[in-house]
Amino acid sequence: TVIMSQKDTTICDNSTITMGAVGANTYVWSPSSSLNTTSGSSVISSPLNTLTYQVIGTDVYGCVDTANTTLTVGPNPQLSTINPTVCIGDSSHMSVQSSILGTSFMWSNGMTGNNISVKANNTQSYTVTATSPTGCVSQAQTQITVFQKPTISVSPSNPSICFGESVLVNLSGAS
């Protein structure tokens, strides 16, 4: 009896998995696409889409048995982020959206969730790691751009005038 070590399972896009078989002397695997070899008791698969693999095992007496397993290829989350701009010392809201419902998020600053708020004192980049319910992982990066607050100056700074007179005051430092 030929037994496959790999049961039906889901793997992520661009992943590889090792499959094995026991119970025979020689083995032939199919389909050959996405396998590193079609013979031997162990093969490595890199499927691009869901495939059912079959292994045919032959023992020393010429008896043949087969086993099958299906590898379902699950998608990695597709992420979209925004790159916010704020003034120094202000809080910024960062958010990420995933193409897969139920995705969890972990930010490089240790915060979790798809919407976080951070106080920004300088321009910084943050990485968010997204994990789908099936365990597939993607990362995205977002950057908070921090601008200095304007320094406004008034000239003359303390004008003295009499009642009813006017004075021309110049402001600078901001648009």
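Residues numbered from 1 in each chain as written. Predicted model: local features only at pLDDT ≥ 70, side-chain atom pairs only at ≥ 80, totals over all residues. Heavy atoms only, no water.

> When you look at the state of the cysteines in this model, what are you seeing that I'm missing?
What is meant by a disulfide is a covalent connection between two cysteines, made through their sulfur atoms. This model, assessed by the stated rule, comprises one disulfide. Covalent S-S linkage joins Cys12 and Cys136, the inter-sulfur distance amounting to 2.1 Å. Sign of the S-S torsion, about -100 degrees for the bond between Cys12 and Cys136, identifies this disulfide as left-handed. With Cys12 in strand S2 (residues 9-12) and Cys136 in the loop between strand S13 (124-131) and strand S14 (137-147), this pair connects stretches of sequence that are 124 residues apart. (Disulfide = S-S within 2.5 Å. Helix = DSSP H or I, 4+ residues; strand = E, 2+ residues; numbered from the N terminus.)

> Is there a simple way to think about the nonpolar core in this case?
One broad rule of soluble globular proteins: the nonpolar side chains tend to lie buried together. Membership of the largest hydrophobic core comes to 17 residues, with the highest contact counts inside it found for Val2, Met19, Tyr27, Trp29 and Val55. Taken together, the elements giving at least two residues each to this core come down to strand S3 (17-22), strand S4 (26-30), strand S6 (51-58) and strand S7 (64-74). If sequence neighbours within four positions are ignored, Val55 has contacts with Val2, Met4, Ala21, Tyr27, Val28, Trp29, Asp65, Thr66 and Ala67. (Core = buried A, V, L, I, M, F, W, Y, C linked by side-chain atoms within 4.5 Å. Buried < 20%, exposed > 50% of the residue type's maximum accessible area, 1.4 Å probe, protein only. Contact = heavy atoms within 4.5 Å.)

> So what exactly am I meant to see when it comes to the sheet that holds strand S12 (residues 115-119) here?
Read across the open sheet, the three strands follow the order S8-S10-S12; overall the sheet is antiparallel. Two strands in the sheet have a free side with no partner beyond their single neighbour: strand S8 (79-81) and S12. Here the average twist between neighbouring strands, direction ignored, is 25 degrees. Examined bridge by bridge, strand S10 (residues 91-98) and S12 share five bridges and lie antiparallel to one another. Each residue of the ladder has a partner; that of Ser95, found in S12, is Asn115. (Pairing = 2+ DSSP bridges. Axes fitted to C-alpha atoms, helices over the stretch in contact; angles between N-to-C directions.)

Read these as spatial facts, not as claims about activity.
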